[in-house]
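Observations on chain architecture
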Amino acid sequence: MDIVRLLPDSVANQIAAGEVIQRPASCLKELVENSLDAGATFVQVIVRDAGRTLLQVVDDGQGMSETDARMAFERHATSKISEAADLFSLHTMGFRGEALASICAVANVEVQTRREEDELGTLLEISGSQVIRQEPVQCAKGTNMRVKNLFYNVPARRRFLKTDQTEMRNIMQEFFRIVLVNPQVRFLLTHNDEILWDLKAGTDKQRIEAVFGKGARNPYSRQLIDIRSDSELVHIHGFVGVPENASRNPQQYFFVNRRFMRHPYFHKAVMTAYQGLLRNDTNPSYFIYFDIAPEAIDVNIHPTKTEIKFADEQLIFPILLATVREALGKFNVVPSIDFDTVGKVEMPVLNSNSVIPSASDFLKRNPLYNPFHDSSRSVHEWQRETPDRNWQTLYSSAVPQPQVPVETTADSLFEGDYKDSVAGTPYQTAGRYIVQPLTQGLMLIDQHRAHALLLFDQCLKRLKEHNGEVQQLLFPEIWDVGLEDEPLVRESFGCFRDMGFDIEPLTRGSYNVAGVPALLGSQNALTALQQILDDIRETDGMAAEERDNRMAWAMAESAAIPYGRKLSEEEMTDMVARLFQRTGFRITPPGKTAAVLLDSGTIGNFFQ
Ligand code: ADP
Ligand code: MG
């Protein structure tokens, strides 16, 4: 007996759906992209229960005929390409003809659609790939797509969904990726009858401001620098953030031909342009739009992947780097570098975590330059010169690498009381390290991390005992968290209070801050709150214990001595003594090195 048979379409579609529609956010993305492909100028998105019960997209695009509406839900049914060659000249977001077929396999779908030229539109209801109803209907021009009860017939998928808060965050993420690159379209998004975003049509910059400028303490427009570069190969335009506003939670977006993409290699080009300009642990925001001939890129990869291959990425890297660098230079953040001095520079570039160097430091240290000042240099040479020219790559051949510090190395020497091994007074170097001579070696301490480690214990204790010591503010401040973060703040409200923040909700999205943890001292309360928020953003679904740890660490980091602060001998001695009393002081909770012990053996290795 033959046993091979074709799967029924409904089953095949359900399997395919697993690839394309993984969560409400991916469904939303497909629907909105279809609206844009249909030339919509206004797209309304209606979400209920983070998309679990309803995802509805209403557009004023070209609509579909009766036959097309029916066809659209078949697998590999598309109006956008007709032959393989079209794949290389794509001008639409969709082209696979898989989305609607996938969606209707795992949800109850109801669509109403009408073309301008038709008097009556079509109503079509499909559930689990079965057509339930199709009839003429009076409706507005365009398409109104209602997707109800997503995954109603795939319990495994349903269970796989995260909390509403997380699913909503995913939806917002997809939404941002689309609206940022379609500023000419008006978007309205509601969740459970509440308007979250009403974005008017405008320019790229107006759209960025409308999305991210809310509640910002200084206008977003003043934080962005225009970039532009036009060459035969590629047009690049967009905005990069001023280094002072770099944060731990930057907005970083690349788009190519009006499509969001991830591109680690180009990201590196941008980061290289900022080298030496950023404060510790911060990263710049950027919104960079590439326009390139469609045949020079390949989007024909996995439907949910956002990586896009460029034929000439090796050539684009230096263009992008130079464009960003030039823009930062015009903004007076990068002193222009005399090409002639470059070859003679011997100083290593400090890593990007270093304190913002002064202009003269930068001149000495930065061996990077604009490649286009000398056209005789090939792209190939460029690549060798630019990325990651840091301490390690410059010196790795000459200097034996010290052992990576883990809590176990070199312990034998310091057995017993660490106090007894202290020999002499500590001193500070490079504005960030404490050097403590020991009887049998040296200890190097990162002042900020080590101090944070000490504060961490106190913060955690306060948090657990719900008794953060509050210091009332003379002038209460208003904390604008923005609508996107509102649910997160509401959820963590108790923890903020436990740590010693005296905060009360004012209106949706803003809080009155009347007191701060005494530990924070004179630090800016709003900056600290924002930093803590950034750090706990990803804690959804984490165990309470781990969440407390994160929160305490975020708080400790905000309060800890910054880099660049000069320390007195007394302060340093005190810090060393307290570190020695702590069990484990070399690694911070997130796993960064706080202190390194160099015993005489390790030091000896340097002199072999
Ligand atoms: P693709 O977008 O890859 O072509 P989809 O399954 O997303 O595949 O859509 C199938 C077809 O349905 C599209 O090619 C388009 O012709 C039609 N369609 C889908 N959504 C809309 C819409 N909102 N307005 C007009 N036509 C649409
Ligand atoms: Mg599509």
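A brief structural summary.

**Notes on the overall build of the protein chain**
Counting secondary structure elements, the protein chain contains 19 helices and 22 strands. Looking at the protein chain as a whole, 48% of its 608 residues qualify as buried. Across the protein chain, contacts joining residues at least 24 apart in sequence account for 70% of those joining residues at least 6 apart. As presented, the protein chain carries roughly 29,300 Å² of accessible surface, and 51% of it is formed by carbon and sulfur atoms.

**Points about empty space enclosed by the protein**
Over the atoms a probe the size of a water molecule is rolled, and this reveals where empty space is left. Overall, the coordinates contain 2 cavities of 30 Å³ or more when judged by the stated rule. Computed from the structure, the second largest cavity encloses a volume of approximately 40 Å³. Contributing to the lining of the second largest cavity are Cys459, Arg462, Glu469, Met499, Pro517, Leu519 and Met555.

**Concerning the pairing of strand E10 (residues 235-241)**
Where burial is concerned, most of E10 is hidden: 6 out of the 7 residues are buried. Judged from the 7 bridges that link them, strand E9 (residues 224-230) and E10 form a sheet pairing that is antiparallel. By the bridge assignment for E10, Leu224 is matched with Gly241. Between E9 and E10, which pair antiparallel in sequence order, lie 4 residues.

**Describing the packing of helix H16 (residues 525-536) against helix H17 (residues 544-559)**
Running from N to C, H16 and H17 cross one another at 145 degrees; their axes reach a closest spacing of 9 Å. Here H16 and H17 pass one another in a crossing that is right-handed. Here H16 contributes Ala528, Gln531, Ile532, Asp535 and Ile536 to the contact with H17, which in turn contributes Arg547, Arg550, Met551, Ala554, Met555 and Ser558. Of the residues assigned to the contact of H16 with H17, the class counts are 6 nonpolar, 2 polar and 3 charged.

Cut-offs used in this document
- Residues numbered from 1 in each chain as written.
- Chains lettered and ligands numbered in written order.
- Predicted model: local features only at pLDDT ≥ 70, side-chain atom pairs only at ≥ 80, totals over all residues.
- Heavy atoms only, no water.
- Helix = DSSP H or I, 4+ residues; strand = E, 2+ residues; numbered from the N terminus.
- Buried < 20%, exposed > 50% of the residue type's maximum accessible area, 1.4 Å probe, protein only.
- Contact = heavy atoms within 4.5 Å.
- Areas by Shrake-Rupley, 256 points an atom, 1.4 Å probe, with all protein chains shown as cover.
- 1 Å grid on protein atoms, 1.4 Å probe; cavity = no way out; pocket = protein on both sides within 12 Å on 5 of 7 lines; lining within 4 Å.
- Points joined across faces, edges and corners; volume = space filled by probe spheres on them.
- Pairing = 2+ DSSP bridges.
- Axes fitted to C-alpha atoms, helices over the stretch in contact; angles between N-to-C directions.
- Left-handed = near helix turned anticlockwise from the far one by under 90°.
- Nonpolar A, V, L, I, M, F, W, Y, C, P; charged D, E, K, R; others polar.

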